[in-house]
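The residues making up each chain are set out below.
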Amino acid sequence: MSKKASIGVTGLAVMGRNLARNLARHGHTVALHNRSEQRTRDLVEQFGDEGDFIPAYSAQEFVDALERPRQIVIMVKAGAPTDAVIDEFAPLLEKGDVIVDAGNAHFADTRRREAALRERGLHFVGTGVSGGEEGALHGPSIMPGGSKESYESLGPLFEDISAKVDGEPCCTHIGPDGAGHFVKMVHNGIEYADMQLIAESFDLLRGALGHSPAQIADVFRTWNTGRLDSYLIEITAEVLAHTDAATGKPFVDIVTDQAEQKGTGRWTVQTALDLGVPVSGIAEAVFARSLSGSADLRAASRGLPGPSRAPLTGAAAESFADDVERALYASKIVAYAQGFNQIQAGGAEFGWDIDLGAVAKIWRGGCIIRAKFLDDVSAAFAAEPGLPTLLTSGDFRKAVEDAQDSWRSVVATAVRLGIPAPGFSTALAYYDGLRAERLPAALVQGQRDFFGAHTYRRVDREGSFHTAWATSDRPESPA
Ligand code: 6PG
């Protein structure tokens, strides 16, 4: 009998192709399938010498090429194309076989698909894969959901091809059904927040100091040798140092300033709204992309008055880059704290038992938000699994304490010069909101009770109360 494949990949656009190659390079025999045959032929022709591939040119041939339990990785566009591929393969599979969706699916779709396939005795694993094309080939961060049983067969393969940090794989079983895609969604939300904060740092350094993109690239390079050491800071320095060949101008100045999005950041915020988790840093990052893309609105508003943008001078100018570094680090802690709170809340809502320390650990390598800082995040959750917020944990608490003056002065400078810094501002406002002894929410409760008899609770007594606002003596009664 001819050799069978331990895993199959269907959908051989660049992500699927690179995952398949990564698996083959690690010694696994990989069955290949694609809707149009040419992609399959191309892969074998170009990369066939990298490992053992079994090309298949029909769904049945693909399924027949697999060892049992069969493990099929689907790498196609999220939404209807994923459902179409599942519908094509599910009838050909048998009890115990595993279908993996490695695309950026919405976790609610993954829950639906998992439930439907479970009824048929099949395992459905929604898995986050982060790291882009290069990651898929050389070692991504992998976030599989689905049943424990499916992870028993799939886990070793995925751990094998994932990125490694200190010899540990950047892959772990996240939790049942949609947990993997949920965590990947929040990863992307954090990615948006991280990118926005970095972009604001650039804008502030340019606006307040008058530095060129190339000079700011040097600042980022320096930051990348310290606690901000991360993939996103590293590539930011490269982008800023890049000169457009056609014009000789800084690359960043010839790119249209309208940031696009495929939707995972938006999903993060939509889900957070449903869960009641204030992920303001991620929300501002999504809104900042929307504002940037509102071309007509921006054109109509361009003449609106604002302050003069005279660059900083003297001591303020000298310390500004260091101030921004501290403000960036503190705001980044806030963004991650919010994201982890969302994972906590999602876990509680959907009955997943997600180990936050393990999530931070597998984000240390391979993924887009990989950063040195995640060592400390994983240590913080490992030391205190029920940690209410990263902000109160040892080193992070100390970092925000040390950042106080810088953080406030950076936000104040942004406001004074009229440089939009929604990420920095919202992070600081969130921080001040969390630590406040009393919030004006008490007044909001009073307003709600006034116009709608919505009732309020008292600080000194149990129960709900309503005040008869319309009567002259305003009697209060338990509601
Ligand atoms: C990753 C990325 C990836 C995402 C892109 C583009 O983890 O490898 O998050 O999944 O699709 O970053 O996202 P936007 O187009 O929404 O910016």
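Residues numbered from 1 in each chain as written. Predicted model: local features only at pLDDT ≥ 70, side-chain atom pairs only at ≥ 80, totals over all residues. Heavy atoms only, no water.

Asker: In this structure, what is going on with helix 8 (residues 179-209)? I would like to understand it.
Answerer: Because an α-helix completes one turn every 3.6 residues, residues spaced three or four positions apart along the sequence face the same direction. Across its 31 residues, helix 8 extends 44 Å between first and last C-alpha, which sits within 8% of the 45 Å expected from 1.5 Å per residue. Here helix 8 lies mainly inside the structure; 27 of its 31 residues are buried. (Helix = DSSP H or I, 4+ residues; strand = E, 2+ residues; numbered from the N terminus. Expected span 1.5 Å × (residues − 1). Buried < 20%, exposed > 50% of the residue type's maximum accessible area, 1.4 Å probe, protein only.)

Asker: Explain the domain arrangement of the protein chain to me, please; I cannot follow it from the model alone.
Answerer: It is common to report an interface's size as the accessible area lost on association of the parts. By the assigned domains, the protein chain splits into domain 1 (7-173), domain 2 (184-435) and domain 3 (440-478). The partner domain 2 presents 18 residues to the 23 residues of domain 1 that form the contact. Of the roughly 1600 Å² buried at the junction of domain 1 and domain 2 (both faces included), carbon and sulfur atoms supply 65%. At the surface where domain 1 touches domain 2, the tally comes to 3 salt bridges. For Glu168, the salt bridge identified is with Lys361, shortest N-O distance 3.1 Å. Between the two partners, domain 1 and domain 2, sit 6 residue pairs in polar contact (both at pLDDT 80 or more). Among the elements of the structure, helix 5 (107-119), strand 6 (123-130), strand 7 (141-144) and strand 9 (168-169) are those that each provide at least two residues to the side of domain 1 that touches domain 2. Considering only residue class, the side of domain 1 that touches domain 2 consists of 11 nonpolar, 9 polar and 3 charged. (Domains from an automatic or database assignment. Contact = heavy atoms within 4.5 Å. Buried area = accessible area lost by both parts, 1.4 Å probe. Salt bridge = Lys/Arg side-chain N within 4 Å of Asp/Glu carboxyl O. Polar contact = N/O pair within 3.5 Å; in protein donor to acceptor, adjacent residues only side chain to side chain. Nonpolar A, V, L, I, M, F, W, Y, C, P; charged D, E, K, R; others polar.)

Asker: Could you clarify how one ought to interpret helix 2 (residues 37-47) in this entry?
Answerer: Every buried residue of helix 2 is listed here: Thr40, Leu43 and Phe47. For helix 2, the angular spread of the buried residues around the axis is 75°, confining them to a single face. Residues of helix 2 that are buried make contact with helix 1 (14-25), strand 2 (30-33) and strand 3 (53-55). (Arc of directions from axis to C-beta.)

Asker: How should the site of the ligand be read in this particular structure?
Answerer: If you check the shell around the ligand, you find 14 residues, and the closest are Ser130, Lys184, Glu191, Tyr192 and Arg289. A distance of 3.2 Å separates an oxygen atom of the ligand from a polar backbone atom of Gly132. Within the contact set of the ligand, an oxygen atom lies 2.6 Å away from a side-chain nitrogen or oxygen of Glu191. In isolation the ligand has 420 Å² of accessible area, and contact with the protein removes 80% of it. (Near = heavy atom within 4 Å. Areas by Shrake-Rupley, 256 points an atom, 1.4 Å probe, with all protein chains shown as cover.)

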